[in-house]
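Below are the chains, spelled out letter by letter.
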Amino acid sequence: FTVPRCDMSARLVGGVRALGALRGSSTLAARSIFLRQPGAARGASSGFTEWNPENRPGQDVGIPKPRNDQKSLATGVHGQKKEFSREDVPKAKRVVIKVGTSVLTRDEEFGVSLTHLASLVEQVSELVHEGREVIIVTSGAVGFGKMRLQVQSVMSQTVRHTLSWGQNGNQKGGNARTLDSRACAATGQSGLMTLYDAMFSQYGVSIAQILVTMSDFQVDAHRANMCETIKELISLGIVPVCNENDVFYSNTSSREFSMSHSNTQISTFNPYASQDGKQHQESDAENEGSKVVRLTANDSLSALLAVELDAELMIVLTNVDGVYTAPPGRLSTLGATPKLISAFNPDQEDLQRLEYGRDRRVGRGGMAAKVDAAKFALNHGVNCIIANGHKQDVIQKIFDGKTVGTLFTRATTDNAAPLVRGQEARRASRELAALPAASRKAILERIAKQIRAKMDLILSANAKDVAAAGATNQPGFAQQPADMRKLGLSKKKLTAILKGIDQIASSASNNAIGKNIKWVKVGDGLYLEQQSVPLGVALCVFEVCTEVIPQVAALCIASGNAVIFKGSAPAENTTRVLHEIIAEALSSHGVSKNACIILPHREPIEDYLLLNEYIDLVIPRGGRQLIQWVNDNTEIPVLGDAEGLCHIYIHNDADIAMAASIILDSKVETSAGSYGVETLLVNFKLIENGKLDELLAPLTKEGVTVFAGPRLRAQFKSQTLKMPPARSLEVEYGVSAIAVEVVTSVEEAIEHINTHGSHHTDVIVSGARGEDSAVAREFMGQVESACVFHNCSTRFSDGFAFGLGAQVGVNCKKGPLRGPVGMEGLMTYRWTMKGKGHVTSDFSNGNEIWVHEKKCVTCGLQVRE
């Protein structure tokens, strides 16, 4: 059977009619549902397989062995070096989008939700304009027709019946007429397509309606013509809108065809079967000797079309966020609250035992049908995502590679979803915390040893990163953008990192975990202790500063915490080498490598910022924009402030040579702390005495641009002729520039810093070297910053300089932890109490007396309040 070539519109209308006309063919009874393997000739039944969601390609389901010159589906899909993951979604060109009834219709399937439909149309139109080929499988016709027929039914009744319906129609046992779903579908199809056409036309997108029945898949010629028509439509940029033709079914709830011939092959796919194999609904066709073939609503239709059309992705939109470990609102078999599964691998045994609920208010398939359809598509080379169609911009987020819904994939844990990685990191943190202090110290010592041994390998990898980023390690590298400067490593930097790890290892030997913080005797024989415990899992987001990895990892290991790192592309090679060293040291002591996870640089970080249940702290290490963005996009506690606006005030009695040296080190030195001076405040007497040029000469020699503040330009025009005006006194310039302003007194300097500063690190330079003064004490007592120094560089505001080994971040806000934060920032505490059968009633009745005697945990002596 062939269809002669004709124009597109004639083929679309005539082809569908021809398919419907051939439904009564006597060959229908002798056919099963077959699916073509990629590469097999159309119309050749030997190239098709039965519709069964559990059948994997290559299993014994009637598929002939591939010819030597034909690549098997099993090899083509499961033999790939890299399985499909979220980062591959944006590359998908041909996609089938199934829109569930619960997405399109209003409550109880009555009428279409124009808001949801408009959102869907807008997102699909964007995909079409991006050059993607989109096939929509839509539900909603029954719901749309139900609204029309309900109105028509009321209008055709007498006044008495109408009033009776209005009073009782929405109540149980009311007189509302039961509407035939086939009539609803027939009535609603035209209205639904009119809505689609009107909305898509607003975006310059054309659509075509295609109604599909069982025979369109059972008859080879029908199937071939249908697929040829759809492919020609999408090649023209037209969106096919497909739907099951409900009018032809005797029972639209079960979607069944009765086959009375005894030799009929049947499909074993049945989404209405419960876990024990019993039917949810009884079929009218299940008579003795009958065989039943099911095309289960639009879920299986989507999978069949996706496979037949060689789609790269299938998206199933429903009214839940994806597949859960148990039906939402119900406890799982383990008694736990249901969790969303971000990545569903059908080969995992625990996922094969999942239970699925079904919202019987809307649709017919339920989650079981969607999962089976997704499995079937995956087994035949089409990946699937089940997502919530009610969520804003859900389709766009999917194509942005974000973790939305449940992705059906056979990817390994290296491509695991954020939820899986969070769970793995949580388990690894418990392993790490259970180790004795000596073992954690040994891990750190092994890391340091391997860094020393592989220093040349690390520097070689870093040189590749620097070269790829267009930077250089030659003199003048500081003139590059600040992030490129931070990318470069040297033996000097690595040596400083190793000294920090040695410091942290020494601290780890003191066993930070379980350390007594407070001891209280509550009553006779009743004792209370406060003990330190690890937070659990930290997420470190950094830009290009590769030294962050060994520093933060060492602090986390010493404190018994797991850590997840997310870096950027420029540091890829350096990151990989450092991570291999850390993972090897962890494995050598029996700790899972998931205690230190490196995320691919292309993986979106947004999803990890939502894992409140598994991630306890976020550590952003980078510029102001990164830190501010992290703070704005997570509810997880963040350790790190968005600004490092540091000041140096030069008092009128300062030693000029000492002041110039401190200013230079605070601005251009990069081997020490991360925070340099951004604003220089100079006492007006020094400028009047001509000392300004002497203070700034070392900076200008290093190529640092000096901006003049508004008061300085107004009061000392001759000294600032060559200085460009400062656009603001609240700017972080990095190593490239500095702002200078004049003040009249130390009080004015204090007021300026408290008003314009970020309360990070601020310095006063006064008197001679080592000289204390009243003005310095006043400055240090009234400046509200986390770190206030006298006669020393701002670069000392660093975890290593403070003897912390390294720092997880800097906190400028007033709180329990402030300034550079080391291992203590990764710890929390718990209270433990030991008694001898104590109950509170003994204390309230006077049988026991409250003691509340506190003792020093170090010396054991009683602490007096």
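Because the structure is predicted, anything quoted here is derived from the model rather than measured. (Residues numbered from 1 in each chain as written. Predicted model: local features only at pLDDT ≥ 70, side-chain atom pairs only at ≥ 80, totals over all residues. Heavy atoms only, no water.)

**Regarding the overall build of the protein**
Now for step 1: The secondary structure content of the protein amounts to 28 helices and 31 strands.
Now for step 2: In the protein, which comprises 865 residues, the share counted as buried stands at 52%.
Now for step 3: Across the protein, every contact between residues at least 6 apart in sequence was considered, and the portion connecting residues at least 24 apart equals 75%.
Now for step 4: As displayed, the protein has an accessible area near 38,800 Å², and 49% of this comes from carbon and sulfur atoms. (Helix = DSSP H or I, 4+ residues; strand = E, 2+ residues; numbered from the N terminus. Buried < 20%, exposed > 50% of the residue type's maximum accessible area, 1.4 Å probe, protein only. Contact = heavy atoms within 4.5 Å. Areas by Shrake-Rupley, 256 points an atom, 1.4 Å probe, with all protein chains shown as cover.)

**A few points about the packing of aromatic side chains**
Now for step 1: For the structure shown, the criterion picks out eight aromatic pairs.
Now for step 2: Ring centres of Tyr 196 and Phe 200 lie 6.2 Å apart, and the angle between their planes is 15°; this geometry places the pair in the stacked category. With Tyr 196 and Phe 200 both in helix α7 (residues 181-201) and four residues apart, the pair spans about one turn of that helix. Each member of the pair, Tyr 196 as well as Phe 200, carries the same accessibility label: buried.
Now for step 3: Between the aromatic rings of Tyr 649 and Phe 779, the centroid separation amounts to 6.3 Å while the plane-to-plane angle is 15°, which identifies the pairing as stacked. (Phe/Tyr/Trp six-rings, centres within 6.5 Å; stacked < 30°, edge-to-face > 60°.)

**Quick look at the pairing of strand β19 (residues 596-599)**
Now for step 1: With four bridges connecting them, strand β18 (residues 562-566) and β19 associate as parallel partners. The residue bridging Lys 566 from the neighbouring strand is Leu 599, located in β19.
Now for step 2: With helix α20 (residues 572-587) bridging β18 and the parallel β19, this β-α-β connection has right-handed handedness. (Pairing = 2+ DSSP bridges. Right-handed = clockwise from strand over helix to strand, strands pointing away.)

**Observations regarding unusual backbone geometry**
Now for step 1: In this structure, His 759 takes a positive phi of about 65° despite not being glycine.
Now for step 2: Relative to the helices and strands, His 759 is located in the loop between α26 (746-756) and β25 (761-765).
Now for step 3: Taking the relative accessible area as the measure of exposure, His 759 reaches 21% and is therefore partly exposed.
Now for step 4: A positive phi is found at His 852, a non-glycine position, where the angle reads about 50°.

**So, the packing of helix α19 (residues 548-559) against α20**
Now for step 1: The interhelical angle for the contact between α19 and α20, taken along N-to-C directions, is 20°, at an axis separation of 10 Å. When the interaxial angle is binned, α19 and α20 end up roughly parallel. Once α19 is placed against α20, the crossing between them reads as right-handed. For the pair α19 and α20, contact is made by Ile 549, Pro 550, Ala 553 and Ile 557 and by Thr 575, Leu 578, Ile 582 and Leu 586, respectively.
Now for step 2: Taken together, the residues that form the contact of α19 with α20 break down as seven nonpolar, one polar and no charged. (Axes fitted to C-alpha atoms, helices over the stretch in contact; angles between N-to-C directions. Parallel < 35°, antiparallel > 145°, perpendicular 65-115°, else oblique. Left-handed = near helix turned anticlockwise from the far one by under 90°. Nonpolar A, V, L, I, M, F, W, Y, C, P; charged D, E, K, R; others polar.)

**Topic: the pattern of salt bridges**
Now for step 1: Under the defined criterion, the tally for this structure stands at 18 salt bridges.
Now for step 2: When the shortest N-O distance is used, the salt bridge between Glu 133 and Arg 94 registers 2.7 Å. Of the two residues, Glu 133 is situated in strand β4 (residues 133-138) and Arg 94 in strand β3 (residues 94-99); the sequence distance between them amounts to 39 residues.
Now for step 3: Residue classification places Arg 94 among the buried residues on the basis of a relative accessible area of 15%.
Now for step 4: When the shortest N-O distance is used, the salt bridge between Glu 445 and Lys 441 registers 4.0 Å. With Glu 445 and Lys 441 both in helix α15 (residues 437-453) and four residues apart, the pair spans about one turn of that helix. (Salt bridge = Lys/Arg side-chain N within 4 Å of Asp/Glu carboxyl O.)

**Comments concerning the sheet that holds strand β9 (residues 313-318)**
Now for step 1: Pairing in this open sheet of eight strands is mixed, and the strands run β5-β6-β4-β3-β9-β13-β14-β12 from one edge to the other. Here the strands that pair on one side only, and so sit at the sheet edges, are β5 (207-212) and β12 (343-344).
Now for step 2: Sheet topology note: the β5/strand β6 (residues 239-244) ladder contains six bridges and is parallel. Residue pairing in the sheet places Ile 207 in a bridge with Val 239 of β6.

**Observations regarding the sheet that holds strand β20 (residues 617-621)**
Now for step 1: The sheet built from four strands is open, its strands ordered β19-β18-β17-β20 with parallel pairing. In this open sheet, the two strands that pair with only one neighbour each are β19 and β20. Put simply, the sheet's adjacent strands are angled 20° from each other on average, direction ignored.
Now for step 2: The strands touched by α19 are β17 (537-542), β18 and β20; relative to β18, the strand with the most contacts, the crossing angle is about 160°.
Now for step 3: Against the sheet, α20 contacts β17 and β19, and its axis sits at roughly 155° relative to β19.

**Quick word on the side chain of Thr 546**
Now for step 1: Its place among the elements puts Thr 546 in the loop between β17 and α19.
Now for step 2: With relative accessibility at 0%, the residue Thr 546 sits in the buried group.
Now for step 3: Setting aside chain neighbours within four positions, we find Thr 546 in contact with Asn 462, Lys 486, Leu 487, Leu 489, Ala 571, Thr 574 and Leu 578.

**Re the environment of Glu 635**
Now for step 1: For Glu 635, the position within the fold is in the loop between α21 (624-632) and β21 (646-650).
Now for step 2: Exposure remark for Glu 635: the relative accessible area of 71% places this residue in the exposed category.
Now for step 3: Taking C-alpha positions, Glu 635 is 9.7 Å from Val 618, a pair spaced 17 residues apart along the chain.
Now for step 4: Contacts of Glu 635, omitting those with residues within four sequence positions, involve Leu 609 and Asn 612.

**Points about the confidence of the model for the protein**
Now for step 1: With 72% of its residues at a pLDDT of 70 or more, the protein shows a mean pLDDT of 76.
Now for step 2: Across residues 169-176 the pLDDT falls below 50, and counting only partners more than four positions away or on other chains, this stretch makes six contacts in the model. (pLDDT = per-residue confidence, 0-100.)

**Quick look at the nonpolar core**
Now for step 1: Ile 443, Leu 444, Ile 447, Phe 565 and Leu 586 are the most contacted members of the largest nonpolar core, which totals 55 residues.
Now for step 2: Counting residues per element, this core draws most heavily on α19, which supplies nine residues.
Now for step 3: Look past the residues within four positions of Phe 565 in its chain and what remains in contact with it is Cys 540, Phe 542, Val 548, Ile 549, Val 552, Ala 553, Cys 596, Ile 597, Ile 598 and Leu 599. (Core = buried A, V, L, I, M, F, W, Y, C linked by side-chain atoms within 4.5 Å.)

**Structural notes on the state of the cysteines**
Now for step 1: Considering all chains together, one arrives at zero disulfides under this definition.
Now for step 2: Distance from the sulfur of Cys 540, which forms no disulfide, to the nearest cysteine sulfur (Cys 556) is 7.8 Å. (Disulfide = S-S within 2.5 Å.)

**A short note on α26**
Now for step 1: Every buried residue of α26 is accounted for by Val 746, Ala 749, Ile 750, His 752 and Ile 753. One side of α26 carries all its buried residues, which in axial view fall inside an arc of 165°.
Now for step 2: In this structure, the buried side of α26 is in contact with β21, β22 (677-683), β24 (737-743), β25 and α27 (774-782). (Arc of directions from axis to C-beta.)

**Quick look at the environment of Pro 436**
Now for step 1: With respect to the helices, strands and loops of the structure, Pro 436 is situated in the loop between α14 (418-434) and α15.
Now for step 2: Put simply, Pro 436 and Asn 511 are 75 residues apart on the chain and 7.8 Å apart in space, counted from C-alpha to C-alpha.

**Side note on the pairing of strand β16 (residues 526-534)**
Now for step 1: Judged by how many residues are buried, β16 sits mostly within the fold: eight of nine residues are covered.
Now for step 2: Where strand β15 (residues 516-523) and β16 come together, six bridges link them in antiparallel fashion. Pairing of Lys 518 across the sheet is with Gln 530, part of β16.

**Here we look at α27**
Now for step 1: Those residues of α27 that sit buried are Val 775, Ala 776 and Phe 779. The arc that holds the buried residues of α27, viewed along the axis, is 100°, so those residues lie on one side. Those residues of α27 that are exposed and aimed more than 90 degrees away from the buried face are Ala 774 and Gly 781.

**Some points on the packing of helix α22 (residues 656-668) against helix α24 (residues 692-701)**
Now for step 1: α24 packs onto α22 with a crossing angle of 30° between their chain directions and a minimal axis gap of 9 Å. Viewed along their axes, α22 and α24 form a crossing whose handedness is right-handed. Note on element contacts: α24 touches α22 through Glu 694, Leu 695, Pro 698 and Leu 699, opposite Ile 656, Ala 659, Ala 660, Ile 663, Leu 664 and Lys 667.
Now for step 2: Looking at side-chain class alone, the contact of α22 with α24 contains eight nonpolar, no polar and two charged residues.

**A word on a nonpolar patch on the surface**
Now for step 1: On the surface, a cluster of nonpolar side chains totalling about 330 Å² of accessible area is made up of Ile 517, Tyr 829 and Trp 831.
Now for step 2: Along the chain, the position of Ile 517 falls in strand β15.
Now for step 3: Taking the relative accessible area as the measure of exposure, Ile 517 reaches 41% and is therefore partly exposed. (Patch = residues over 30% accessible without salt bridge, like charges linked within 9 Å, V, L, I, M, F, W, Y side chains within 5 Å.)

**Examining the environment of Gln 719**
Now for step 1: With respect to the helices and strands, Gln 719 occurs in the loop between α25 (710-715) and β24.
Now for step 2: With a relative accessible area of 29%, Gln 719 lands in the partly exposed category.
Now for step 3: The sequence separation of Gln 719 and Glu 688 amounts to 31 residues, and the corresponding C-alpha distance is 9.7 Å.
Now for step 4: Of note is the side chain of Gln 719, whose polar atom sits 2.7 Å from the side chain of Ser 718. (Polar contact = N/O pair within 3.5 Å; in protein donor to acceptor, adjacent residues only side chain to side chain.)

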